[in-house]
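Architecture at a glance
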Amino acid sequence: MKRNITYGALIGFMVVDLIIFTAGCIKKYPHNGKVVFTKVPVKTVSDEQLKSNDFKYASGMSIAIVEMTKNPEDIEILTKAFASARAPEISYDRKSMIFSGQKEAGDIWQIWQMVLNNNELKQVTHSDHNCTDPVWLPDGRVAYSKQIEGDKGLRYHALFSCYSDGSDEQQITFQPHEDVNAGMLNDGRLLVNSKQVYPEVGAPKYLAIHPDGTKAELFYPAIVGAKSMSKAWESVNRKLVFVESGQLITIDFNRPLHSRKLIGNAGQGEFLSAFPVNNQHILVSVKKPTERTFGLQIVDLPEINKNNFYFNDASYHAVEPVIVMQRPVPKKLPSTVNLDKNSGTFVSMDADRSDIKIAHGVTSKIQVLGLDGIIGETAVEKDGSFYLEVGADQPVRFQTISAEGEVLRGPSSWMWVRPNEQRGCVGCHEDREMAPENTVPLAINNLPVSIK
Amino acid sequence: MAIKKMNKKLIYGFIVFAIILAVVFSALHKWGVKHATFMAGGVPHPANCISCHVYPQRDGILANFLNNEYLTPINAAVNPEGSKLYVTTQDADLLLVVDPFNNKVETKIKVGRRPHSVVISEDGKSAYVSNQWENTVFIINLDTELVTDTVNTGGGPSGMDLSVDGKILYVANTYTNDISVIDVVQKQEIKRLHSGNYPKGIAASPKGDYVFVSSQRTLPVKFRTEPQTEVTIINAHTNRVDKRRNFISAHIMENVAFTPDGDLAIITLVRPKNLVPSAQIERGWMINHGIGIIQEDGKMAQLLLDEPNAFYADPYDVVVNPNGKYAYVSHSAADVVSVIDLDIIRSLLANASEEDIKNYANNLGLSSQYVIKRIKTGSNPKGLAISPDGKFVYAVERMTDHIAMIDTETLEVVNDLDLGGPGRITVTRKGGQFFNNAGHTFHEQYSCYTCHPDSHEDGLTYDLTGTGRNFANVQTLRDLYGTAPYKWNGKNVSVYMQCGMRFSKFVTRTESFSPDELDALVAYILRELKHPPNFHDLPNGKLTESQKRGKAIYERTMTTDGREIPVKDRCITCHNGPSYSNFKMADVGTKKDYDDEIMFDSPNLNNVYESAPYLHDGSAATLEEIWTRYNPDDRHGYANDMTKDQLNDLVEYLKSLGAEYYQEDNLEYKVNKSQL
């Protein structure tokens with residue numbers, strides 16, 4: 001009898017503890033497991049604008065939250081205080097949300113932070129130019145795209161970062177590209193959707209970049225003809241999930257250039273954005289053939305065959321969905337940027353190592369081009385290597401020149417170095433899966449040729 | 001009233017005492033945090049005295065209480081029936097007899113110091129165990145489970161294999177760079193063949209014609225040129241070296257295996273990028289991992305097992321399924337076993353031009369064609385063994401005291417065999433797991449072990465600044481306790497600083513270790529990593545006559561023509577004490593045009609014989625070259641008056657320098673050995 005009472009009391013205590021613990025969790029994370037998304041009114045944004053990612057600063061948008069149940073009804077608007085808001089991202093500890101918002105119509109778009117258990121708001125950026133597409137960095141800073149007016153009347157977005165109180169703002173991409181929709185890779189790099197705007201408009205691609213703006217390199221180029229790509233998210237099992245020109249795509253983190261996989265088929269609808277829930281499921285924004293607007297749906301990997309969660313409203317598009325859930329914090333990469341310096345270096349192992357085969361000669365010189373043309377040039381060594389010191393934080397391109405002065409390859413894509421950054425290249429437009437040959441490039445035996 | 005007054009006084013006294021205590025504690029704590037953070041190289045570190053002052057201790061009550069005796073299994077073999085597994089354990093000096101189907105360690109057979117490999121005779125009646133720190137092979141009767149015979153070998157016997165007829169046992173002697181040929185009927189060494197540098201793996205070809213021996217370290221090469229690591233090919237009929245085949249830009253070739261019909265020899269290897277300016281780590285700029293292939297017609301190839309954004313560090317062992325279709329490679333720093341489709345490799349190689357073969361060696365995308373599965377294991381999978389029917393592969397998890405049993409049909413781990421090590425994972429053990437794991441480098445590209453195999457060094461010089469300047473010769477991590485400062489430029493006052501913030505910027509290039517991780521790693525390095533015994537002297541523990549003459553030169557105060565050598569120019573001045581170092585910086589005239597530093601830390605000299613190349617930049621390929629090429633002005637010890645014979649004597653003496661704590665131990669062993 002006594003024993004039963006003891007056991008009963010113990011179980012009772014455990015149950016009470018469990019209730020208290022659960023209540024604590026609910027209070028701390030009241031929105032855990034819910035879906036947060038951007039409501040885009042049909043009236044203000046056309047389908048075409050949506051598909052081409054041209055709705056960043058549209059009016060009347062709002063961020064909503066909803067339980068992930070079948071046919072959900074209680075959709076709560078989180079950004080009632082804003083004229084327009086979008087691009088929500090939840091912190092790794094699921095306590096707060098950052099987003100881009102326009103407080104009053106006509107205001108500059110800024111980055112905002114909202115504490116999720118009390119909806120408390122904090123303005124992150126105080127910029128003179130529109131800021132959008134925020135992403136949490138692993139050290140608590142925030143990266144975002146900011147509209148800038150560059151030389152030659154060019155308008156595009158560059159990536160910036162700052163602390164969550166807005167201090168220490170730093171530009172981290174420096175190229176005439178539209179750098180938007182950045183996400184984080186678990187290895188600690190940013191994955192930014194980048195599209196050249198000068199001298200001609202290029203195809204979209206993902207660049208992987210360290211959060212200090214160093215080591216930008218091609219991660220995945222869109223397939224030929226693709227016009228837009230959504231923000232990409234990495235799942236726990238190292239797959240990247242995103243939408244490319246309306247198609248739902250996964251690629252392997254380990255080998256992104258050669259692992260593209262199409263999920264589902266055109267008959268299942270047109271996709272706009274995707275968020276990996278876990279290794280088996282993706283939350284997508286999709287417009288089914290029978291619908292007029294984009295709705296939200298959970299789909300299974302690798303095939304789309306279940307409708308666990310689906311809703312659609314004819315009056316607005318539901319896009320950019322994310323789930324309030326704990327996510328692993330990416331690695332905090334160390335930075336070698338030294339703002340007291342004004343240059344960085346490029347070392348190339350062999351300028352003639354390239355996928356672009358040419359039959360007329362080998363590289364004699366490398367020309368460095370800026371926005372206004374040739375900045376300088378240097379001879380390459382016998383082994384094809386060159387070692388350059390280039391002014392930091394400015395866009396440059398390279399082209400290889402034959403002994404006769406003919407352009408052999410190039411100009412390359414835009415690149416830049418951060419102050420004190422060291423960059424290495426195996427070749428020029430070489431197979432990007434090749435590791436360098438283990439040799440001493442002759443050029444490294446001398447100091448770098450300064451081109452600023 | 002008086003009592004009340006007394007109480008009041010007591011209370012006031014207590015309050016004052018508490019305030020003083022709080023102030024002192026606060027000041028001490030503040031100083032402690034500052035001190036710990038400085039010593040940890042800028043990683044904010046809590047003031048936890050035990051971290052630095054107790055965990056790394058090798059002896060003492062506290063050290064014993066905090067640490068456990070682990071088994072640390074390394075290699076395994078299966079009996080011909082497939083019913084028993086024999087496992088060597090490095091730290092417990094045991095051969096374990098394991099029933100893998102009933103999860104039972106049946107017998108623990110005491111073997112020699114630091115057992116490395118085990119080979120089972122074809123009839124299943126005998127086991128041969130190489131005792132790496134004892135220079136012997138034990139022959140064990142598996143019926144009685146008793147050691148019946150001991151055969152002396154060269155230094156550091158490690159990998160072994162039996163000839164196809166079972167009459168000859170080949171043993172790779174790692175520390176003396178030779179191969180013992182042992183007649184197992186006579187139970188004695190009949191021949192010793194010169195091998196590559198640090199021979200490790202060994203395999204007899206199935207047709208019985210050849211024995212292949214893979215090496216861990218590069219052969220001596222011209223300064224700042226590609227490493228070249230030898231596979232020694234022995235003619236098994238004559239027991240003479242038939243060929244020496246070098247893999248270029250590869251090293252740490254730990255093991256080798258043949259396919260059943262002998263068409264491929266597969267060798268695990270690491271491809272360092274030590275000559276490439278380490279401007280970045282992305283895209284395999286630092287170190288790649290893979291296999292070397294030698295085809296029956298002699299053609300060689302190197303294939304990577306890495307992927308563009310994922311590296312599988314430190315391939316250690318390789319076994320081939322009896323069906324000849326699949327090979328299994330353990331990646332000891334990635335905690336996976338890769339399953340390789342050999343038919344795809346055969347087809348790749350059959351259609352490859354010379355240019356293709358050259359490109360394959362650096363192609364990170366190729367592995368997705370032939371690696372069909374990565375099987376996750378526990379920490380630090382080393383030796384592999386495959387059952388005779390090919391149904392199971394056993395992966396020895398060195399840092400968990402477990403064995404993963406892999407079903408080759410499902411390619412899943414179907415059993416986790418506990419060898420009976422301590423259940424508790426101590427701080428030091430955790431450090432061992434970090435040391436042997438690549439998880440703390442960008443894209444898991446390399447572990448501490450990769451550049452410090454066997455806790456030593458890889459014998460290479462790296463351009464870690466990425467500027468073509470200040471090349472760094474990798475230094476040993478053995479016996480570092482009490483030998484600060486660290487690094488050639490002596491800038492690191494502690495191993496914590498060495499592995500701290502700057503380390504993550506320039507070496508690991510990812511998130512730095514947390515204070516707890518750093519504590520564990522440093523405790524492991526300082527407490528566990530020891531030099532092996534140095535047997536470069538006579539079997540009775542005495543120096544040879546040449547070494548005695550060399551010792552006199554080492555300690556001399558006068559030149560050969562009778563002039564006094566200035567104190568600063570005597571060997572013994574900078575290289576004294578148990579580690580043969582005064583731990584001070586010195587300008588010995590070794591600065592080159594590409595160096596920014598003039599002063600270098602006086603290195604420790606224990607087991608210096610196995611640390612080639614020498615000097616801070618690795619420019620001296622041999623000990624001799626330190627004085628014949630890089631000491632023209634006698635600034636690195638007064639030496640130019642010596643004859644060649646005297647220099648030989650000095651070098652012979654230097655080769656005999658070993659850790660003090662072995663001396664009694666060694667003497668006892670050597671006396672016993674000399675009586676054999």
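Conventions and cut-offs
Residues numbered from 1 in each chain as written. Chains lettered and ligands numbered in written order. Predicted model: local features only at pLDDT ≥ 70, side-chain atom pairs only at ≥ 80, totals over all residues. Helix = DSSP H or I, 4+ residues; strand = E, 2+ residues; numbered from the N terminus. Rg over C-alpha atoms; globule rule 2.2 N^0.38 Å. Buried ≥ 20, exposed ≤ 12 C-beta atoms within 10 Å, placed from the backbone. Contact = placed C-beta atoms within 7 Å. Nonpolar A, V, L, I, M, F, W, Y, C, P; charged D, E, K, R; others polar. Domains from an automatic or database assignment. Arc of directions from axis to C-beta. Expected span 1.5 Å × (residues − 1). Core = buried A, V, L, I, M, F, W, Y, C linked by C-beta atoms within 7 Å. Axes fitted to C-alpha atoms, helices over the stretch in contact; angles between N-to-C directions. Parallel < 35°, antiparallel > 145°, perpendicular 65-115°, else oblique. Pairing = 2+ DSSP bridges. pLDDT = per-residue confidence, 0-100.

The number of helices and strands found in chain A is two helices and 32 strands. Scaling as 2.2 N^0.38, a compact globule of 452 residues should have a C-alpha radius of gyration of about 22 Å, and chain A matches this with 25 Å. On the principal axes, the C-alpha backbone points of chain A span a range of 95 × 60 × 45 Å. Split into buried and exposed, the 452 residues of chain A put 46% on the buried side. When contacts within chain A are restricted to residue pairs at least 6 apart in sequence, those whose partners lie at least 24 apart make up 52%.

Each helix and strand counted, chain B has 16 helices and 32 strands in total. Considered along the principal axes of its C-alpha atoms, chain B spans approximately 95 × 80 × 55 Å. Within chain B, the fraction of its 676 residues that count as buried is 53%. For chain B, contacts bridging at least 24 residues in sequence account for 56% of all contacts bridging at least 6.

Our focus in this paragraph is the interface of chain A and chain B. Every contact between the two is made by 28 residues of chain A and, on the other side, 36 residues of chain B. Of the residues belonging to the side of chain A that touches chain B, the class tally is 10 nonpolar, nine polar and nine charged.

Quick look at the domain arrangement of chain B now. Residues and elements named next belong to chain B. Here chain B is described as being made up of domain 1 (40–62 + 428–528), domain 2 (195–376) and domain 3 (545–674). A C-alpha centroid distance of 26 Å is found between domain 1 and domain 3. Domain 1 puts 19 residues into the contact, and the matching count from domain 3 is 22 residues.

Here we come to the environment of K261(A). Tracing the backbone shows K261(A) in strand β19 (residues 261–263). For the pair K261(A) and C428(A), spaced 167 residues apart in sequence, the C-alpha to C-alpha distance is 28 Å.

Another point: helix α10 (residues 501–508) of chain B. Residues and elements named next belong to chain B. Along α10, the residues that are buried comprise F503, S504, V507 and T508. Buried residues of α10, viewed axially, fall in a sector of 105°; they line one side. Phi for R509, located one or two positions after α10, is positive at around 55°.

Residue and element names in this part refer to chain B. The terminal C-alpha atoms of helix α15 (residues 644–655), which comprises 12 residues, lie 16 Å apart, in line with the 16 Å expected from a rise of 1.5 Å per residue. Where α15 is concerned, the buried positions are D649, L650, V651, E652, Y653 and L654. Against the buried residues of α15 lie α12 (545–554) and α14 (623–628).

A word on the nonpolar core. Residues and elements named next belong to chain B. With 260 residues, the main nonpolar core has I266 and Y394 as its most contacted residues. No other element matches the eight residues that helix α11 (residues 515–528) contributes to this core. Apart from the residues within four sequence positions on either side, I266 is in contact with V256, A257, I291, I293, V318, V320 and A327. Counting 19 residues, the second-largest nonpolar core is a separate cluster that includes Y554, L623, A639 and Y653.

Residue and element names in this part refer to chain B. Where α12 contacts α15, the two axes come as close as 7 Å, and the packing angle between them is 95°. When the axes of α12 and α15 are compared, the pair comes out roughly perpendicular. Contact residues: S546, Q547, R549, G550, K551, I553 and Y554 in α12; Q646, N648, D649, L650, V651, E652 and Y653 in α15. For the contact of α12 with α15, the residue count by class is five nonpolar, five polar and four charged.

All names here are of chain B. Spatial ordering of the open sheet is given by β17-β18-β19-β20, a layout of four strands whose pairing is antiparallel. Every interior strand has two partners, whereas the edge strands, β17 (256–258) and β20 (300–304), have only one. Each adjacent strand pair in this sheet contributes to an overall mean axis angle of 30°, direction not counted. Pairing of strand β18 (residues 264–272) with strand β19 (residues 287–295) involves nine bridges; the strand directions are antiparallel. Looking across to β19, one finds that L264 is bridged to Q295. Together, β18, β19 and β20 form the strand contacts of helix α4 (residues 342–350), whose direction differs from that of β19 by roughly 75°.

Further remarks concern the domain arrangement of chain A. All names here are of chain A. Looking at chain A, the domain boundaries give domain 1 (30–323) and domain 2 (343–451). Facing the 14 residues of domain 1 at the interface are 12 residues of domain 2. Of the residues that constitute the side of domain 1 that touches domain 2, the class distribution is five nonpolar, five polar and four charged.

Attention shifts here to the environment of R429(B). Here R429(B) is to be found in helix α7 (residues 427–435). Along the sequence, R429(B) and N68(B) sit 361 residues apart, while their C-alpha atoms lie 8.5 Å from each other.

This next bit is on the sheet that holds strand β31 (residues 422–425) of chain A. Residue and element names in this part refer to chain A. Taken in spatial order, the four strands of this open sheet run β31-β25-β28-β32, and their pairing is mixed. Of all the strands in the sheet, just β31 and β32 (449–451) have a single pairing partner and so form its edges. Going across the sheet, the axis of each strand differs from the next one's by a mean of 25°, ignoring polarity.

A word on unusual backbone geometry. Residue G410(A) is joined to P411(A) through a cis peptide bond whose omega torsion reads 0°. Relative to the helices and strands, P411(A) is located in the loop between β30 (407–409) and β31. Of the consecutive residues A484(B) and P485(B), the connecting peptide bond is found in the cis state with omega at 5°. If you trace the backbone, P485(B) turns up in the loop between β30 (472–473) and α9 (495–498). The phi angle at E320(A) is positive, at roughly 50°, despite the residue not being glycine. Within the chain, S455(B) stands out as a residue other than glycine whose phi angle is a positive 60°. By the secondary structure assignment, S455(B) is in the loop between α8 (448–451) and β29 (461–462).

What follows is about the pairing of strand β3 (residues 94–99) of chain B. Residues and elements named next belong to chain B. In terms of burial, β3 is largely enclosed, as five of its six residues are buried. Summarising the sheet, strand β2 (residues 85–89) and β3 pair through five bridges and their orientation is antiparallel. Residue pairing in the sheet places T89 in a bridge with L94 of β3. What sits between the antiparallel neighbours β2 and β3 is a turn of four residues, in which D93 has the positive phi angle 55°.

It is worth spelling out the environment of M501(B) at this point. Residue and element names in this part refer to chain B. Considering the arrangement of structural elements, one finds M501 in helix α10. When the C-alpha atoms of M501 and F392 are compared, they prove to be 43 Å apart, with 109 residues separating the residues in sequence. Not counting chain neighbours up to four residues away, the residues in contact with M501 comprise G41, G42, V43 and S512.

Residue and element names in this part refer to chain B. Where α7 meets α11, the closest approach of the two axes is 7 Å, and the angle between their N-to-C directions is 95°. Classified by the angle their axes make, α7 and α11 are roughly perpendicular. Listed contacts from α11 to V427, T428, K430, G431, G432, F434 and F435 of α7 are E517, D519, A520, L521, V522, A523, Y524, I525, R527 and E528. Here the residues of the contact of α7 with α11 are counted per class, giving nine nonpolar, three polar and five charged.

Glancing now at the confidence of the model for chain B. Considering every residue of chain B, the mean pLDDT works out to 94; 97% of them sit at 70 or more. Under the prediction, the complex receives an ipTM of 0.92, its pTM being 0.94.

On to the pairing of β20(B), then. Remember that side chains alternate between the two faces of the sheet whenever the strand is regular. Residue and element names in this part refer to chain B. For β20, a buried count of four out of five residues is recorded, marking the element as mostly surrounded by other parts of the structure. Bridge analysis of β19 against β20 gives five bridges, and the strand direction is antiparallel. Paired with G290 across the two strands is L304, which belongs to β20. Counted along the chain from β19 to the antiparallel partner β20, the turn is four residues long, and its residue G298 has a positive phi close to 95°.

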